[in-house]
Amino acid sequence: GAGVSQSPRYKVAKRGQDVALRCDPISGHVSLFWYQQALGQGPEFLTYFQNEAQLDKSGLPSDRFFAERPEGSVSTLKIQRTQQEDSAVYLCASSLVGSYEQYFGPGTRLTVT
Amino acid sequence: QKEVEQNSGPLSVPEGAIASLNCTYSDRGSQSFFWYRQYSGKSPELIMFIYSNGDKEDGRFTAQLNKASQYVSLLIRDSQPSDSATYLCAVSDNDMRFGAGTRLTVKP
């Protein structure tokens, strides 16, 4: 079946611009996670949804970061007024409810110039 | 102190050898432990998970967990060049916390 998809795969933004990153989880996966992966580092947790409810947003680095999943399926991570330190790969993962086994999408590589 | 620590490597082993990857974690209450493989430019893919102390084998892979020592390892037997990748250790209680990864190179 189809895996987790993310779009765009690559995004170049000028400092100060707003960006929106999309994630389509595996059909039927209730849980959805966003991670930020800097070069040479492991993924860092950003936020977690169960259906449309955002249960944990403790990893969002600042109030410029905002995530939503209004219908419990597709999710969007929005970054306002992008800064150079936001440059990273943003990974989305999904899992079945109650399962720790997360399946990752291909990621969006964001470069802020 | 980082929550999940891994030796960044690179770890280089000859083809056919056993590769041993190690990970320590700081939260004694952690319950679930995972190994992900990440090829360069690709997303992580789950290869093993372990919840109980002891060993868990899956094909050429064996995960070992010692909760008293807060230590989890991954052994790869009969290493192949296609195993060359970064291996990420992850620990989960509520959130998933990843180590920085160990880069493994298997030389033909």
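Described below are features of the structure shown in this document. For clarity, every value in this text was computed on a predicted model and none was experimentally measured. (Residues numbered from 1 in each chain as written. Chains lettered and ligands numbered in written order. Predicted model: local features only at pLDDT ≥ 70, side-chain atom pairs only at ≥ 80, totals over all residues. Heavy atoms only, no water.)

Observations concerning the overall build of chain A
Right, on to step 1. Check the secondary structure of chain A and you find zero helices and 11 strands.
Right, on to step 2. On C-alpha atoms alone, chain A measures out to a radius of gyration of 13 Å, which is about the 13 Å that the 2.2 N^0.38 rule sets for 113 residues.
Right, on to step 3. Dimensions along the principal axes, computed over C-alpha positions, put chain A at roughly 40 × 25 × 25 Å.
Right, on to step 4. By residue count, 46% of the 113 residues in chain A fall in the buried class.
Right, on to step 5. Long-range contacts, defined as pairs at least 24 residues apart, comprise 52% of the intrachain contacts of chain A with a sequence gap of at least 6.
Right, on to step 6. Just so you have it, chain A exposes about 5,700 Å², and 47% of that area is on carbon and sulfur atoms.
Right, on to step 7. A distance of 9 Å separates the average location of the 11 positive side-chain charges in chain A from that of its 11 negative side-chain charges. (Helix = DSSP H or I, 4+ residues; strand = E, 2+ residues; numbered from the N terminus. Rg over C-alpha atoms; globule rule 2.2 N^0.38 Å. Buried < 20%, exposed > 50% of the residue type's maximum accessible area, 1.4 Å probe, protein only. Contact = heavy atoms within 4.5 Å. Areas by Shrake-Rupley, 256 points an atom, 1.4 Å probe, with all protein chains shown as cover. Lys, Arg positive; Asp, Glu negative; His and termini not counted. Charge placed at Lys NZ, Arg CZ, Asp CG, Glu CD.)

Looking at unusual backbone geometry
Right, on to step 1. For the bond from S7 of chain A to P8 of chain A, the omega torsion is -10°, close enough to zero to count as cis.
Right, on to step 2. The topology assignment puts P8 of chain A in the loop between β1 (5-7) and β2 (10-13).
Right, on to step 3. One non-glycine residue, R81 of chain A, lies in positive phi territory at about 45°.
Right, on to step 4. Looking at where R81 of chain A falls in the secondary structure, it is placed in the loop between β8 (75-79) and β9 (88-95).
Right, on to step 5. Backbone geometry places Q70 of chain B, a non-glycine residue, at a positive phi of 55°.
Right, on to step 6. With respect to the helices and strands, Q70 of chain B occurs in the loop between β7 (61-66) and β8 (71-76).

Some remarks on the pattern of salt bridges
Right, on to step 1. Evaluated as defined, the whole model comprises six salt bridges over all chains.
Right, on to step 2. The partner of R22 of chain A in a salt bridge is D24 of chain A, and the shortest N-O contact between them spans 2.9 Å.
Right, on to step 3. By relative accessible area, which is 38% here, R22 of chain A ends up partly exposed.
Right, on to step 4. A salt bridge links E45 of chain B to R37 of chain B, with the nearest nitrogen and oxygen atoms 3.3 Å apart. (Salt bridge = Lys/Arg side-chain N within 4 Å of Asp/Glu carboxyl O.)

Some points on the state of the cysteines
All names here are of chain A.
Right, on to step 1. The final tally for this structure, using the stated rule, is two disulfides over all chains.
Right, on to step 2. Note on cysteine connectivity: C23 is disulfide-linked to C92, with sulfurs 1.8 Å apart. An S-S torsion of about -65° defines the bridge between C23 and C92 as left-handed. Here C23 is found in strand β3 (residues 19-24), whereas its partner C92 is found in strand β9, with 69 residues between them in sequence.
Right, on to step 3. We classify C92 as buried; its relative accessible area is 0%. (Disulfide = S-S within 2.5 Å.)

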